[in-house]
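Per-entry structural report
Take a look at the letters that make up each chain.
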Amino acid sequence: STQSTWGVEGDAKEAGRGLILKGIHQSTLLNGTFHPKGDYLAVVAPRDDVRQRNTIIHILSKRSSISPFKFSGAVFQAKFFPTELSLFAVMTANRIKIYNLMESRIVKVITANSSELQCFDIHHGNSNRHIISGTYNKGATWHDLDMGFKAYKRYKHHRLGVEAVAFHPNPDTYPLWATAGGDGKVHIYHGSVFEEITKNPLLIPLKILKGHTTINMSAVKCIAFHPTLPWIFSAGTDGNVLCWVE
């Protein structure tokens, strides 16, 4: 089955809007993520009836696409590892599967304990593999991939489901991570990780940001740290995008 159809650099009207390349998919896309080197773009289409097309990896320089995975359930989020460039993670309703793309094998499977997963993010450290995930049952979980299958730490600081999680992309300077929920709050944490395998991550709650309105049990749908500053952006169902500064 066809993953997507690639167009040329767009017509004159599209080029005027800055469009240089277009790929037509078979279903609505939920999100996308770039490989750190920039030539690969992975997109997620959970409503596609063909399960193999739930996750598509585009090779931009070749204008080609592959769907290397088959799943029993829909995929809702996918991310390339920021420092271990061969690793790729996909999230279904109850699992996060980590693949080694070079070796075509599953490296690890993280299973949600009691609720459906809503989001996850991957730590940007050079020698540490850590993942945070958020669930519908108000929980956020820190996973240390070198510690086996058991979660390192669980938090329930939100009154409604956790809708977004994020690590700061510059953890050496700003060891920060955050969760955002349907209660309209963004929780900021300190999260130091260490190269010594015997030393556990140091996780400390720092601050609670309140600025979004809850609508139909949902509020903050997306958060992202500034790449070089200790700032965070939050986008909500109330139509507002907020920038929180130090």
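Every value quoted in this text rests on a predicted model; they were computed, and no experiment measured them.

With respect to the element layout, Gln77 can be found in strand β7 (residues 77-80). One polar contact links the side chain of Gln77 to the main-chain amide nitrogen of Phe120, over a distance of 3.2 Å.

Okay, empty space enclosed by the protein next. Regions of empty space are outlined by a rolling probe, equal in size to a water molecule, passed over the atoms. Under the criterion given, the structure shown has one cavity of 30 Å³ or more. By volume, the largest cavity is sized at about 50 Å³. Every residue lining the largest cavity is listed: Lys108, Val109, Ile110, His143, Asp144, Leu145, Gly148, Phe149, Lys150 and Ala151. Secondary structure elements with two or more residues in the lining of the largest cavity: β10 (105-111) and β13 (140-144). If one sorts the elements of the lining of the largest cavity by residue count, β10 sits on top with three residues. Split into classes, the residues belonging to the lining of the largest cavity amount to five nonpolar, two polar and three charged.

Within the fold, Ala178 resides in strand β16 (residues 176-181). It is 11 Å that separates the C-alpha atoms of Ala178 and Ser234, two residues lying 56 residues apart in sequence. Those residues in contact with Ala178, other than ones at most four positions away along the chain, are Ile132, Ala164, Val165, Ala166, Val186, His187, Ile188, Tyr189, Ile223, Phe225 and Ile232.

Conventions and cut-offs
Residues numbered from 1 in each chain as written. Predicted model: local features only at pLDDT ≥ 70, side-chain atom pairs only at ≥ 80, totals over all residues. Heavy atoms only, no water. Helix = DSSP H or I, 4+ residues; strand = E, 2+ residues; numbered from the N terminus. Polar contact = N/O pair within 3.5 Å; in protein donor to acceptor, adjacent residues only side chain to side chain. 1 Å grid on protein atoms, 1.4 Å probe; cavity = no way out; pocket = protein on both sides within 12 Å on 5 of 7 lines; lining within 4 Å. Points joined across faces, edges and corners; volume = space filled by probe spheres on them. Nonpolar A, V, L, I, M, F, W, Y, C, P; charged D, E, K, R; others polar. Contact = heavy atoms within 4.5 Å.

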